[in-house]
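Chain by chain, the residues:
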Amino acid sequence: MPLRQIAELLEGEVVGDPDVEISTIAPIQDAHPGAISFISNRKYIRQLAETRASAVMVAPELRDRERPEGTSLLLLDDPYMGFALLLQHLTRRPREVFGVSERAHVDAGATLGAEVNVHPFAYVGPGAVVGDRVDLHPGSYVGAGARIGADTTLGPNAVVHHDCEVGERCHVYAGAVIGSDGFGFAPNLRTGLHVKIPQMGRVVVEDDVEIGANVAIDRAAMGETRVGQGTKIDNLVQIGHSASLGRGCFVVSQAGISGTTSVGHGVTIAGQAGIAGHVKVGDGASIGAQAGVHGDVRPGAKMLGSPALEGAEAKRSMVLLRRLPDFRDKLRDLERRLAALEGGGD
Amino acid sequence: MPLRQIAELLEGEVVGDPDVEISTIAPIQDAHPGAISFISNRKYIRQLAETRASAVMVAPELRDRERPEGTSLLLLDDPYMGFALLLQHLTRRPREVFGVSERAHVDAGATLGAEVNVHPFAYVGPGAVVGDRVDLHPGSYVGAGARIGADTTLGPNAVVHHDCEVGERCHVYAGAVIGSDGFGFAPNLRTGLHVKIPQMGRVVVEDDVEIGANVAIDRAAMGETRVGQGTKIDNLVQIGHSASLGRGCFVVSQAGISGTTSVGHGVTIAGQAGIAGHVKVGDGASIGAQAGVHGDVRPGAKMLGSPALEGAEAKRSMVLLRRLPDFRDKLRDLERRLAALEGGGD
Amino acid sequence: MPLRQIAELLEGEVVGDPDVEISTIAPIQDAHPGAISFISNRKYIRQLAETRASAVMVAPELRDRERPEGTSLLLLDDPYMGFALLLQHLTRRPREVFGVSERAHVDAGATLGAEVNVHPFAYVGPGAVVGDRVDLHPGSYVGAGARIGADTTLGPNAVVHHDCEVGERCHVYAGAVIGSDGFGFAPNLRTGLHVKIPQMGRVVVEDDVEIGANVAIDRAAMGETRVGQGTKIDNLVQIGHSASLGRGCFVVSQAGISGTTSVGHGVTIAGQAGIAGHVKVGDGASIGAQAGVHGDVRPGAKMLGSPALEGAEAKRSMVLLRRLPDFRDKLRDLERRLAALEGGGD
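Residues numbered from 1 in each chain as written. Chains lettered and ligands numbered in written order. Predicted model: local features only at pLDDT ≥ 70, side-chain atom pairs only at ≥ 80, totals over all residues.

A.B. asks: Residues and numbers for the relation of the copies chain C and chain A, please.
C.D. replies: Taken as rigid bodies, chain C and chain A are interconverted by a rotation of 120 degrees and an axial shift of 0.0 Å, the fit giving an RMSD of 0.2 Å. Overall, the copies show the geometry of a three-fold rotation axis. (Least-squares fit on C-alpha atoms with pLDDT ≥ 70 in both.)

As structure tokens, then:
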């Protein structure tokens, strides 16, 4: 495909030869003629002068940067996004439709949209509604009354329990469980026989969400547990009952969000972080890896450590921790000098 | 149902109108006439004066508290427990029995009790014994020689491996794995080819236990891994080989209990906490979120932090950490004043 | 079996009676006549004098140690390894071959080796290649074009996605997911609609690897995520896209290894530890439980804490933390004495 066509696809401007043929994508340091590459990180800028790529996607401010004669530029506001969109374009394949496998189980009371694939050993319960072009992979489970939006995929052995809802263009990866009972009990510490609070609510997953392998998202006791539009959830994450996540969040692997906690829009929660129950996390906040958040977080705050502090305070505290040997030495020195003075005063 | 009937069910005393009709349960601040509510947390007591609920479950000491004219009281020793039991009562539905699906696999050598449901794609191995009124959901697995007690449910894709035992009235949620091999090897660091220790034991889960989605409980190398009666385990928890948990424990999501560790009765282990191997945790202890326990814990102790300290010590240590900037300033001040004195002594 | 035969099996030397009959293995403190036991930990050496075992596997340097008359010794360089190999030998059972269940789904374009078992509800996709003597348990999944090496087992509901490769003599436990998409997106923070980076790579698991229950190992964006020969992975572990693990590593339960991180040979990663992305961990390093590693780790280093420090430094820092109350008291004392001196100077 000529560079001109890529420029049209990504709505960018060509500097150089719009007719150069592009046949592959490659990292800038490995690229050969015929490849298009991209620079999104400042530290790769100087590689532009030496690349063998036929074209490089760069930010407009690199328009006049030195580059090899055989290398054209494609100016884009967000070159990394350009890379992602181009890769999506090149790897897109027509979806095969084979329909409902004889070895699947679709309840007579379920409703399937057009061009749905139900693989062997997938289960669709009574009253479930499955949208157009949905793929239900082997061993996946759609409970009674659950709804799966158009163009969504359930991976092998993924589970969506009864009455829960997954939006359009979502991907629920293998082994993820949506809508299991929340962890709610009235404790009887005398007998040890705690009484279960029936979990009467459900889970709602909005459109364009990804839910990683072996994730667990519990249904609410009453009302909803909710995952907002475009939010991406990595593997092995836990989301407790009645928690809510806003739009466009990232939740990295093995993080845990406790019940009834409310996370705003555009929040990043790094790996193995935990957020206690009944907490509010403001829009645009970011929670560091392994952080433990126990109270509300203001919008845009960066939280680090367990228990978590705001970034600047957390870093100050870490610097001081590193200075403890220094403090100990200073204390010894002061003590010695003070004793000398006291002795001298005799 | 008239309030009188609820009072009989929960063995409580009515103060007010025993004939008022109750049709729903609601939080005290949202309740409308016809609803019953409850107060278990002190901070909601003052809402009693303004509620619109027809009845409120409260502790006996609130008998004479001011309340609206149209609101009756139901005195209960544990109002939250009353709420749980009433909710259970109201949401109970007759269990449907459809028997063994044609698409399930039940080995000829397995034994099924009365009124068992085996859903499509569920598997019951040779020699397995499944009690009365058990539900085996799609994709669930009962290994050879395993035993499932009466009234227990295995969720979709839940796995109980060979020779393991699950008690009565248990719920094993979707994707949980009981009885996978323990992590035991004789290391050969020279070749890197570690030799597996065959894991010959099993897992025993006593009655009234809940095991959350995607939990993993390993079988013992020899003997048993055991989960005590009434213990509740949240999602994504790990329990290592030969570990034991007593009766009535709570283990919150993503916590990990290492092999051969013994946890007493009524212990709470909060989210993402970890307990090292070969440790004893006493009855009634509580382990904080993200805590890391490396040694024995005495009964009733509250442990916090990683490595974990007893609560009071952990809090003292945290307070001192916060005072580090203060220490640094004091050190500077002392140094300056001491230098002045030393200079003055010249 | 006479002790002589065990000695031949394990290539050890008998001290005592080579004809004594051995019928079981037992811990040294519980052993009865007829049992063989072992000592690998120094603290059990003195139990040798009082054991009732008919034979004990010990290191050669214990050859002349005092022992009961009825107890023979079997000298082995690594007695624990001897125990493991003997237990393996004794518990080995002939593998039953029943072939492909009528209730399994094997695509017409898949290739199965000799003596393969495909249990009910297992799925083998088009172009998949399954080696000799492989067991595919109920609900397990082998994606299109995936390869499973000889003598490997996939547990119930284990998933190996398309084009991924698992070596020979591996065990993938129940619910583990190999080859789910890596967590890669081009963020669009303005709209919150992040764009997915297609994950075009795969996962390669070399020979003799164990992968625990409900583990998640993501496929690479480009190239491979790789797990080296003989590495053992415990339950609920996360391994991100394009990460690599060398030969003979141990990764304990709930640990997480981020994308593009490279772990050397013979590395131990303890429970709930986390390693950030783009990090190199040297051969033979060990990462402590709940540690958080953010930078490169040199070969053989022992890392502790979050953020992780090398062992010696981490321990020093912990000792100093414990001394904070002492520091506070010393500061007070110095202040008082200095004030006295200053007052005295008036």
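After that view, the rundown keeps rolling.
A.B. asks: Just give me the short version of the interface of chain B and chain A, but keep the residues and values in it.
C.D. replies: Every contact between the two is made by 50 residues of chain B and, on the other side, 45 residues of chain A. No other element matches helix H4 (residues 324-344) of chain B, which puts 10 residues into the side of chain B that touches chain A. Classifying every residue of the side of chain B that touches chain A gives 24 nonpolar, 18 polar and 8 charged. (Contact = placed C-beta atoms within 7 Å. Helix = DSSP H or I, 4+ residues; strand = E, 2+ residues; numbered from the N terminus. Nonpolar A, V, L, I, M, F, W, Y, C, P; charged D, E, K, R; others polar.)

A.B. asks: Tell me about the sheet that holds strand E5 (residues 72-75) of chain A, and name the residues and values.
C.D. replies: All names here are of chain A. The 5 strands lie next to each other as E1-E5-E4-E3-E2, forming an open sheet whose pairing is mixed. The two strands at the open ends of the sheet, each matched to only one other strand, are strand E1 (13-15) and strand E2 (24-25). Sheet topology places strand E3 (residues 35-38) next to strand E4 (residues 55-58); 3 bridges connect them, and they run parallel. Looking across to E4, one finds that Ile 36 is bridged to Ala 55. (Pairing = 2+ DSSP bridges.)

A.B. asks: Break down the domain arrangement of chain A for me, citing the residues and quoting the values.
C.D. replies: All names here are of chain A. Along its sequence, chain A is carved into domain 1 (3-91), domain 2 (105-312) and domain 3 (313-344). Contact with domain 2, which involves 6 residues of that partner, is made by 5 residues of domain 3. Looking at the side of domain 2 that touches domain 3, the elements that each hand over two or more residues are strand E37 (309-310) and helix H3 (311-322). Split by residue class, the side of domain 2 that touches domain 3 holds 3 nonpolar, 2 polar and 1 charged. (Domains from an automatic or database assignment.)

A.B. asks: How would you sum up the interface of chain C and chain A? Please name residues and give values.
C.D. replies: With 47 residues of chain C in contact, the opposing surface of chain A contributes 50 residues. Looking at the side of chain C that touches chain A, the elements with two or more residues in it are strand E18 (177-180), strand E19 (185-186), strand E20 (195-196), strand E23 (216-218), helix H3 (311-322) and helix H4 (324-345) of chain C. For the side of chain C that touches chain A, the element with the highest residue contribution is H4 of chain C, accounting for 7 residues. Partitioned by chemical class, the residues of the side of chain C that touches chain A number 22 nonpolar, 19 polar and 6 charged.

A.B. asks: Can you tell me about the sheet that holds strand E1 (residues 13-15) of chain C, naming the residues and giving the values?
C.D. replies: Residues and elements named next belong to chain C. One open sheet accounts for 5 strands, arranged E1-E5-E4-E3-E2; its pairing is mixed. Of all the strands in the sheet, the pair left with one neighbour each is E1 and strand E2 (24-25). The pairing of E2 with strand E3 (residues 35-38) spans 2 bridges and is classified as parallel. Following the sheet pairing, Ile 25 is matched in E3 by Ile 36.

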